[in-house]
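# A closer look at the structure
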Amino acid sequence: MCPHTPPCPMADAADRQAARVSDAHPEQGWDRLCNGVLLFEDTGALLPDGQIIAPSRVASLAQPFRERLAA
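The text that follows walks through the structure, step by step, so that each part is easy to find. All figures in this text were calculated on a predicted structure; none of them were measured in a lab.

## Brief notes about the overall build of the protein chain
From N to C terminus, the protein chain includes two helices and five strands. Element order for the protein chain, N to C, with α for helix and β for strand: β-β-β-β-β-α-α. Within the protein chain, buried positions represent 18% of all 71 residues. Restricting to contacts in the protein chain with at least 6 residues of sequence separation, those with at least 24 account for 15%. Surface summary for the protein chain: the accessible area is close to 5400 Å², and the carbon and sulfur share equals 57%.

Written out as structure tokens, the structure reads:
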């Protein structure tokens, strides 16, 4: 149960990452949110039910440097 007002989004909500941090572990690269979501510094997440949310990365940054120059 979320004690915040207004309550934090549920773990299965689209805006789940808007929940407040309940346990911060920046030295390990992750935070636990009030809704139970583990949020990683690479923007990936692990939901309380075990579902993995892949990191969201900008496609152009993931391309090799030469491919970006050719575009």
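## Here's the deal with the sheet that holds strand β3 (residues 38-40)
Here we have five strands laid out as an open sheet, ordered β1-β2-β3-β4-β5, and antiparallel in their pairing. On the outer flanks of this sheet lie β1 (21-25) and β5 (52-53), each paired with one strand and no other. Pairing between strand β2 (residues 30-33) and β3: three bridges, direction antiparallel. Residue pairing across strands places D31 opposite L39, the latter belonging to β3.

## Looking at the nonpolar core
Core analysis: the largest hydrophobic core is formed by eight residues, namely C8, A11, A19, L33, V37, L39, A45 and L47. Not counting residues within four places of it along the chain, the set of residues in contact with C8 comprises C2, A19, R20 and C34.

## Digging into the pattern of salt bridges
Pairing of side chains with opposite charge becomes possible as their charged atoms draw close. All chains considered together, the criterion is met by one salt bridge. Put simply, R32 and D23 hold a salt bridge, and the shortest N to O gap is 2.2 Å.

## Quick look at the environment of P55
Its place among the elements puts P55 in the loop between β5 and α1 (59-62). Classification of P55 by relative accessible area gives partly exposed; the value is 31%. For the pair P55 and T43, spaced twelve residues apart in the sequence, the C-alpha separation amounts to 4.7 Å. The contact partners of P55, leaving out residues within four places of it in the chain, are D42, T43 and G44.

The rules behind these values
Residues numbered from 1 in each chain as written. Predicted model: local features only at pLDDT ≥ 70, side-chain atom pairs only at ≥ 80, totals over all residues. Heavy atoms only, no water. Helix = DSSP H or I, 4+ residues; strand = E, 2+ residues; numbered from the N terminus. Buried < 20%, exposed > 50% of the residue type's maximum accessible area, 1.4 Å probe, protein only. Contact = heavy atoms within 4.5 Å. Areas by Shrake-Rupley, 256 points an atom, 1.4 Å probe, with all protein chains shown as cover. Pairing = 2+ DSSP bridges. Core = buried A, V, L, I, M, F, W, Y, C linked by side-chain atoms within 4.5 Å. Salt bridge = Lys/Arg side-chain N within 4 Å of Asp/Glu carboxyl O.

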